[in-house]
Amino acid sequence: KQALSPIDNVRPIIINVDDLGLSSAVNEAVFHLAELGRIGASSYMVGGTITDSDINQLKNLNIDIGLHLDLTGIFPSALRGSLKSIIVASYLRRFSPVQVTDIIKRQLDGFEDRFGHAPVFIDGHQHIHQFPIIRHCLIKELTDRYSNEISKGALSARVTTPLINDIKSWIIFTLGGYAWRKSCEHSHIKTNDKFGGVYGFDSDSQQLASLWEQWLKSAPRNTACSSPTLIMCHPAMPENGSNNWQDEIKVAREIEYEWLISDEFEDLLYKHNVKLLRWSDITSTY
């Protein structure tokens, strides 16, 4: 029931599930939401768990898979730490660019080995991809490794320009968001326009519905679909006996999943004339 007309009135939006590979519950949520046509992409955490069967299923579901660059989550490295420690080390220039580049290479290699192709897009777990040193090393590795993909418009990157004026969104953007966006523009890497989906993970289902109403209503209209809004989400399938796992935002993930599969969410997409896109649908502006 996706609204597609009038054509000059659509809101092009990519709905992206973060943290693919974190658990089978997250993976199952991605599969089901893709089957329902509610998402266009998911970003994979190298070091996570995904089976050959899962990958074959994703190929058949027609969604884009990207790299969720990770220094604060599950990828084992000498630099892994809390978000606070990564921010401090980045801004005080304590990171060795050689070490950072090595981790980036290992994660890109791991993605390619698992999926058999380059990531369609790049983003970061807790937005670490836009921090100082990390962003410099990342942009250099992407332009060195994927020059053909970039020239063909086949590689995109997440930017965090706030969709709405809330404090958390602006804090995220302030932590390197502008510099990262300019780096992508300079390197001719396609990006989204606005960025939504930011909240404190403490909302109940009714509050989450209100947040989505605000995000969708705020998404700009764009007939060319050249710079869609990106809305991130973090759903996981509720426990059913086999999904026995723990995560600090597990309850929020399960609430998100129930909301995203609901008829109310589908009605909201229709109400706001949303055209759901994949990263690979973005028309290049270069």
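In the block above lies the structure referred to throughout.
These remarks concern the structure in this document. (Residues numbered from 1 in each chain as written. Predicted model: local features only at pLDDT ≥ 70, side-chain atom pairs only at ≥ 80, totals over all residues. Heavy atoms only, no water.)

So, about the pairing of strand S3 (residues 64–69). Burial within S3 is extensive, with six of its six residues counted as buried. Bridging between strand S2 (residues 41–44) and S3 involves four bridges; their strand directions are parallel. Looking at the pairing, Ser42 lines up with Ile65 of S3. In the classification by handedness, the crossover that spans S2, the intervening helix H2 (residues 52–60) and the parallel S3 is right-handed. By the bridge criterion, three bridges tie S3 to strand S4 (residues 121–124) in an arrangement that is parallel. Directly across from Leu69, in S4, lies its bridge partner Gly124. (Buried < 20%, exposed > 50% of the residue type's maximum accessible area, 1.4 Å probe, protein only. Helix = DSSP H or I, 4+ residues; strand = E, 2+ residues; numbered from the N terminus. Pairing = 2+ DSSP bridges. Right-handed = clockwise from strand over helix to strand, strands pointing away.)

Quick look at the packing of helix H4 (residues 97–115) against helix H5 (residues 134–145) now. When two helices pack together, their arrangement is given by the angle between the helix axes and by the axis-to-axis distance. Packing of H4 against H5 brings their axes to within 9 Å, and their N-to-C directions diverge by 50°. On the basis of the axis angle, H4 is oblique to H5. Where H4 crosses over H5, the two elements pack in a sense that is right-handed. Within the contact between the two elements, H4 uses Pro97, Val100, Thr101, Ile104, Lys105, Leu108, Asp109 and Glu112 and H5 uses Ile134, Cys137, Leu138, Glu141, Leu142 and Arg145. Its residues assigned to classes, the contact of H4 with H5 shows eight nonpolar, one polar and five charged. (Axes fitted to C-alpha atoms, helices over the stretch in contact; angles between N-to-C directions. Parallel < 35°, antiparallel > 145°, perpendicular 65-115°, else oblique. Left-handed = near helix turned anticlockwise from the far one by under 90°. Contact = heavy atoms within 4.5 Å. Nonpolar A, V, L, I, M, F, W, Y, C, P; charged D, E, K, R; others polar.)

We now examine the packing of aromatic side chains. Scanning the entire structure with this criterion turns up 10 aromatic pairs. When the centroid spacing of 4.9 Å and the interplanar angle of 55° are considered together, the rings of Tyr199 and Phe201 count as tilted. For the ring pair Tyr199 and Trp215, a centre distance of 6.3 Å and an interplane angle of 55° mean the geometry is tilted. Taken together, the residues Tyr199 in the loop between strand S7 (195–196) and helix H9 (205–218) and Trp215 in helix H9 connect sequence positions 16 residues apart. (Phe/Tyr/Trp six-rings, centres within 6.5 Å; stacked < 30°, edge-to-face > 60°.)

Across all of its chains, the model carries 17 salt bridges by this definition. One salt bridge in this structure joins Asp247 and Arg253, with 2.8 Å as the shortest N-O distance. (Salt bridge = Lys/Arg side-chain N within 4 Å of Asp/Glu carboxyl O.)

Moving on, we get to unusual backbone geometry. Residues apart from glycine generally show negative phi values, whereas peptide bonds are mostly found in trans. The phi angle at Arg93 is positive, at roughly 55°, despite the residue not being glycine. With respect to the helices and strands, Arg93 occurs in the loop between helix H3 (83–91) and H4. In this structure, Gln126 is a non-glycine residue whose phi angle is positive, near 60°. Tracing the sequence through the fold places Gln126 in the loop between S4 and H5. By relative accessible area, Gln126 is classed as partly exposed at 31%.

The next point concerns H2. All buried positions along H2 are accounted for by Asp54, Ile55 and Leu58. All buried residues of H2 fall inside an arc of 95° around its axis, so they share one side. Across from the buried face of H2, at angles greater than 90 degrees, the exposed residues are Asp52, Lys59 and Asn60. On its buried face, H2 sits against strand S1 (11–20), helix H1 (24–35), S3 and H4. A positive phi of about 60° marks Asn62, the residue just after H2. (Arc of directions from axis to C-beta.)

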